[in-house]
Amino acid sequence: MNIYQDYINEIEERKTQGLHPKPIDGAELLGEIIAQIKDSGNEHREDSLKFFIYNTLPGTTSAAGVKARFLKEIILGEFVVEEITPAFAFELLSHMKGGPSIGVLLDLALGEDAAIAKQAAEVLKTQVYLYDADTDRLKEAFKSGNEIAIEILESYAKAEFFTKLPEVPEEIQIVTFIAGEGDISTDLLSPGNQAHSRSDRELHGLCMITPKAQQEIRLLQEEHPGKSVMLIAEKGTMGVGSSRMSGVNNVALWTGKQASPYVPFVNIAPIVGGTNGISPIFLTTVDVTGGIGIDLKNWVKKVDENGTIVRNENGDPILEEVYSVATGTVLTINTQTKKLYNGEKELIDISKALTPQKKEFIRAGGSYAIVFGKKIQTVAAKILGIEPTPVFAPSKEISNEGQGLTAVEKIFNRNAVGTTPGKVLHAGSDVRVEVNIVGSQDTTGLMTAQELESMAATVISPIVDGAYQSGCHTASVWDKKAQANIPKLMKFMNDFGLITARDPKGEYHSMTDVIHKVLNDITIDEWAIIIGGDSHTRMSKGVAFGADSGTVALALATGEASMPIPESVKVTFKGDMKEHMDFRDVVHATQAQMLQQFGGENVFQGRIIEVHIGTLPADQAFTFTDWTAEMKAKASINISEDDTLIESLEIAKNRIQIMIDKGMDNHKQVLQGLINKADKRIAEIKSGEKPALTPDANAKYYAEVVIDLDVIVEPMIADPDVNNKDVSKRYTHDTIRPISFYGDDKKVDLGFVGSCMVHKGDLKIVSQMLKNLEEQKGKVEFHAPLVVAAPTYNIIEELKSEGDWDVLQKYSGFEFDDNAPKVAARTEYENMMYLERPGCNLCMGNQEKAAKGDTVLATSTRLFQGRVVEDSERKKGESLLASTPVVVLSAILGRIPSVDEYKAAVVGIDLTKFAPPIKTLSR
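Residues numbered from 1 in each chain as written. Predicted model: local features only at pLDDT ≥ 70, side-chain atom pairs only at ≥ 80, totals over all residues. Heavy atoms only, no water.

## Structural notes on the overall build of the chain
Phase 1: A count of helical and extended segments in the chain gives 31 helices and 33 strands.
Phase 2: For 923 residues, the compact-globule estimate of 2.2 N^0.38 gives 29 Å, and the chain sits close to it at 28 Å.
Phase 3: Judged by the C-alpha coordinates and their principal axes, the chain covers about 90 × 65 × 65 Å.
Phase 4: Counting only residues that meet the buried cut, the chain has 62% of its 923 residues in that class.
Phase 5: Sequence separation of at least 24 residues holds for 73% of the intrachain contacts in the chain that already meet a minimum separation of 6.
Phase 6: Of the roughly 35100 Å² of accessible surface on the chain, 49% is carried by carbon and sulfur atoms.
Phase 7: In the chain, 98 side chains carry a positive charge and 129 a negative one; their mean positions are 2 Å apart. (Helix = DSSP H or I, 4+ residues; strand = E, 2+ residues; numbered from the N terminus. Rg over C-alpha atoms; globule rule 2.2 N^0.38 Å. Buried < 20%, exposed > 50% of the residue type's maximum accessible area, 1.4 Å probe, protein only. Contact = heavy atoms within 4.5 Å. Areas by Shrake-Rupley, 256 points an atom, 1.4 Å probe, with all protein chains shown as cover. Lys, Arg positive; Asp, Glu negative; His and termini not counted. Charge placed at Lys NZ, Arg CZ, Asp CG, Glu CD.)

## Some words on the sheet that holds strand β23 (residues 608-614)
Phase 1: Sheet architecture is open: four strands sit in the order β24-β23-β22-β25, paired in parallel fashion. With partners counted over all chains shown, the strands left at the sheet margins are β24 (635-640) and β25 (703-708), one partner each. Neighbouring strand axes in the sheet, compared pairwise and without regard to direction, differ in orientation by 25° on average.
Phase 2: Where strand β22 (residues 568-574) and β23 come together, four bridges link them in parallel fashion. Along β23, the bridge assignment pairs V571 with V611.
Phase 3: Sheet strands in contact with helix α18 (residues 407-415) are β22, β23 and β24, and its direction is about 100° off that of β24. (Pairing = 2+ DSSP bridges. Axes fitted to C-alpha atoms, helices over the stretch in contact; angles between N-to-C directions.)

## Concerning the sheet that holds strand β16 (residues 437-440)
Phase 1: The five strands are arranged β18-β17-β16-β19-β20 in an open sheet whose pairing can be described as parallel. Both edges of this open sheet fall to β18 (499-500) and β20 (543-546), since each of them pairs with a single strand only.
Phase 2: Examined bridge by bridge, β16 and strand β19 (residues 529-532) share three bridges and lie parallel to one another. By the bridge assignment, V438 is partnered in β19 with I531.
Phase 3: Most of the contacts of helix α21 (residues 515-522) go to β16, to which it runs at about 165°, and overall it touches β16 and β17 (466-469).

## As for the side chain of N250
Phase 1: You can see N250 is positioned in helix α14 (residues 245-255).
Phase 2: Here the side chain of N250 touches L189 through a polar contact of 2.9 Å, landing on its backbone oxygen.
Phase 3: Of the polar contacts made by the side chain of N250, one reaches the backbone nitrogen of G205; its length is 3.5 Å.
Phase 4: Beyond its immediate sequence surroundings of up to four residues, N250 is in contact with L189, S190, R201, H204, G205, C207 and M208. (Polar contact = N/O pair within 3.5 Å; in protein donor to acceptor, adjacent residues only side chain to side chain.)

## Comments concerning the environment of L911
Phase 1: Residue placement: L911 occurs in the segment after α31 (899-905).
Phase 2: Separated by 826 residues in the primary sequence, L911 and T85 place their C-alpha atoms 73 Å from one another.
Phase 3: For L911, the residues in contact, after removing those within four places along its chain, are E579, H580, M581, D582, I765, P885, Y902 and V906.

## Quick word on the packing of aromatic side chains
Any aromatic ring pair is given by two values, namely how distant the centres are and how the planes are angled relative to each other.
Phase 1: Using the criterion set out here, one finds 20 aromatic pairs in the structure.
Phase 2: Taken together through their ring pairs, the aromatic side chains of Y156, F161, F162 and F392 make up a single cluster.
Phase 3: Above the ring of F162, the side-chain terminus of R363 is found at 4.6 Å from the ring centroid. (Phe/Tyr/Trp six-rings, centres within 6.5 Å; stacked < 30°, edge-to-face > 60°. Lys NZ or Arg CZ within 6 Å of the ring centre and 35° of its normal.)

## Some words on the packing of helix α23 (residues 583-597) against helix α24 (residues 618-627)
Phase 1: Running from N to C, α23 and α24 point in directions that differ by 30°, and their axes come no closer than 10 Å. In this view, α23 runs roughly parallel relative to α24, as classed from their interaxial angle. The interaxial crossing formed by α23 with α24 has right-handed handedness. Residues F583, R584, V587, H588, T590 and Q591 of α23 form the contact with α24, whose participating residues are Q620, T623, F624 and W627.
Phase 2: A breakdown of the residues in the contact of α23 with α24 according to their chemical character gives four nonpolar, five polar and one charged. (Parallel < 35°, antiparallel > 145°, perpendicular 65-115°, else oblique. Left-handed = near helix turned anticlockwise from the far one by under 90°. Nonpolar A, V, L, I, M, F, W, Y, C, P; charged D, E, K, R; others polar.)

## With respect to unusual backbone geometry
Glycine aside, a negative phi is what most residues show, and trans is what most peptide bonds show.
Phase 1: Phi at A456 takes a positive value of approximately 60°, unusual for a residue other than glycine.
Phase 2: Within the secondary structure, A456 sits in the loop between α19 (442-454) and β17.
Phase 3: Here the phi dihedral of Y731 falls at roughly 60°; this positive angle occurs in a residue that is not glycine.
Phase 4: Within the fold, Y731 resides in the loop between β26 (716-718) and β27 (736-738).
Phase 5: Overall, the relative accessible area of 12% leaves Y731 in the buried class.

## Section: α23
Phase 1: The terminal C-alpha atoms of α23, which comprises 15 residues, lie 21 Å apart, in line with the 21 Å expected from a rise of 1.5 Å per residue.
Phase 2: Of all 15 residues in α23, twelve are buried; the element is thus mostly enclosed.
Phase 3: Along α23, the residues classified as buried are F583, R584, D585, V586, V587, H588, A589, T590, Q591, Q593, M594 and L595.
Phase 4: Positive phi appears at G599, one or two residues downstream of α23, with a value of about 60°. (Expected span 1.5 Å × (residues − 1).)

## Side note on the nonpolar core
Phase 1: Counting residues in each nonpolar core, the largest one holds 114 residues, and the members touching the most others are F52, I84, F412, M455 and V543.
Phase 2: When sequence neighbours within four positions are dropped, the list of residues in contact with I84 reads L49, F52, I53, L71, I74, A89 and L92. (Core = buried A, V, L, I, M, F, W, Y, C linked by side-chain atoms within 4.5 Å.)

## Topic: the side chain of S246
Phase 1: Tracing the backbone shows S246 in helix α14.
Phase 2: Residue classification places S246 among the buried positions, given a relative accessible area of 2%.
Phase 3: Within the structure, S246 has its side chain in polar contact with the side chain of S190 (distance 2.7 Å).
Phase 4: Within the structure, the side chain of S246 is placed 3.4 Å from the side chain of R198, a separation counted as a polar contact.

## A few points about the state of the cysteines
Phase 1: Summed over all chains, the structure comprises zero disulfides.
Phase 2: The cysteine C756 is free of any disulfide, with C843 supplying the nearest cysteine sulfur at 5.8 Å.
Phase 3: Given the relative accessible area of 5%, C756 is considered buried.
Phase 4: Lacking any disulfide linkage, C840 is separated from the closest cysteine sulfur, that of C472, by 3.7 Å. (Disulfide = S-S within 2.5 Å.)

## Observations regarding the environment of Q605
Phase 1: Relative to the assigned elements, Q605 resides in the loop between α23 and β23.
Phase 2: Taking the C-alpha atoms as reference points, Q605 and N276, separated by 329 residues in sequence, lie 9.8 Å from one another.
Phase 3: Each residue touching Q605, except ones within four places of it in the same chain, is listed here: T237, N276, M631 and K632.

## Thoughts on the environment of Y902
Phase 1: Tracing the chain through its elements places Y902 in helix α31.
Phase 2: A residue is classified by how much of its surface remains accessible, and Y902, at 0% relative accessible area, is buried.
Phase 3: Note: C-alpha distance between Y902 and V123 (779 residues apart in sequence) is 70 Å.
Phase 4: Not counting residues within four places of it along the chain, the set of residues in contact with Y902 comprises H580, M581, D582, P715, I739, P885, V886, L889, P897 and L911.

See below:
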């Protein structure tokens, strides 16, 4: 009775927050609930029935197993529950989405009672989340001539689980809601500081936008019954920043429809729009939930009578409104004509939002059902020895005769499955690809675990080379929320087959290394495809795609991902890098020069940046690929010279070996397997059998950008421009300014060196600058706090062996202690240096934060409103992004330095240098 009473107590506590009972996922609690259902006189029986029917999570949760077995008892007549007839029990099983429920349905379908078998078969025909153990049972029954098994397999081969679904409505009525002006970050829809609650969907939903906005959405729904509310980024892109399944979940929770009447707070079919479309990662997540993402193009650049773009006093293009989507506007999506209408007036073609594949996702309630449905159809047809019935929209295959391949086209062609044999595919083709490396991070990992449970997956796909579960986003503070969530997550992922940052058995030291750095090390093939649960999954080897937690789950479970081959933009360099410049300035200048070359159009958005970096090893090159998330690129690929790639692979091997030495490898020796693959790749390059990946000389690009290093003469800062009169220009990464712009009066309240944008060289720069400045001035005095967080423990060990850590300790006022980690976030900072635990720290914004209204200068990637620093009543918080030497000097001075001060401070310091490759990197 204690467990049930604890649940009741929790329900009462949640009522005070305006929340419903938390969905049940535990077997022990549900077992007690079932016992109370069986006890006809039990005072809790009525509530227990409701919890059992409407509040139990499906899939492979332990509660789902208990629920499925009890429903089986009811169907077989072993126990009678007046409120749950056998027919209703079958209906409940049909909503449990695989795992134990499939086992029960197969037991019944292949059992001796013909009437029950027939009913079970009808339910099975609607299910797609079957795995090898399930199809093996059907295969064996088919071999022995079981008619029910034959009937089920024939249904699968015809894809009746899809063809019998209702068609997508011809017209979808929507009412608009402007969620914000300018780019809308996923932080607005699912704030990083609320990451701890993401797996509690109802609770997390309360953090979307603002309570006022939530109320406005509810009022729109009351005023327009039957219409869907479309959230819009006016004059901007929807869903930039982190790859948040939780953001789409929140949008669906407030504006979508319930996926199943028996599963609470899981909604589908959200509709979102943006003047400049939807961020690629966010759009993938919309597909996962069977939603629609529309590129509205409702504002365009004004042109004069000669067709020249008209600009304002700041040189920015003036925008003109083509049509209004003001809050409360009623529009119609026509899924047949693929047009958006206001009444009878056609506004815009939305074909890209309603491709044949996307319409299948909408019809099936999400992309997972299609992915698994295609798989089960293929398996069933193979067992029957027939061809599957053509049902699904054929994959789009584009092959341009005589045209070479870009790097991403080469990678996708090598990893593609299910395409026409021998056909070379170019950008725009729809491709199913095998995934080599998968990463899950800790603030989305709990959701990934839920997704794996919902799709009934229990073990990692054998075709994945390696997968890692990080602990970096919750590394700063080991608070009660982290203590409750992270051990549970690590055990689940470790059992599933991932290498985990924390050992559930406690046999190796907890690692809080930044996920991107670990994935960058364990990627040992530049031909690899990587999927990771974070927008900064941007490896400097292979091609990596940041993804929502659901896509990560799909990659872990199936070893596959589906997407179009993206177009590429080629980036090359010319000139010489100035002695006093850091490579981070080259990265910022790339964004600025690209926008300048293309009249303000971001040609990187939604495309692959193929950067011909040549001579820069993977650690340093990662600074560029990491930043491409802020350039709104789909991904980035580094083209390296042979010797540089070998150097990078040797570094990766050494770091993987350290992980092995710490005891992090599993029983399948995944990490050792990666080292073996790296050795093989190095041998191929050295022998000339397979040189480093390069594009073809006659490859076709959307655009080519040449970055002139000669014109980068002073450090660059990415500025959120928080006071820009044009709201749409704030908090973008497009405002890149030289430090001379700020004069000598731009106060800095806090400096931050950390996150995935720094490497070992950056920490050595901090050490060297402190020594340099002490020699020049006699002492080092901080006029603002400086927070330093190394991305990995390995880097700290290397700094210790090389003497740099001693220097950092000398000048610091605080050093992390893993034996006594902080249990509360820091709320005040002194003017000194803090050596924080490896991990994301301030960049994540869910634990440590700067004081409200501060001006922060950081090496981070995030300048979004409220992320690193929130606004105060007195002023807006600013997160300005710069190179490590600029951040360090700014913290010491308490302001942004002049160019002369900067040059003096970096004399003789080994900054991160880059020299363009001499030869052309294409074949």
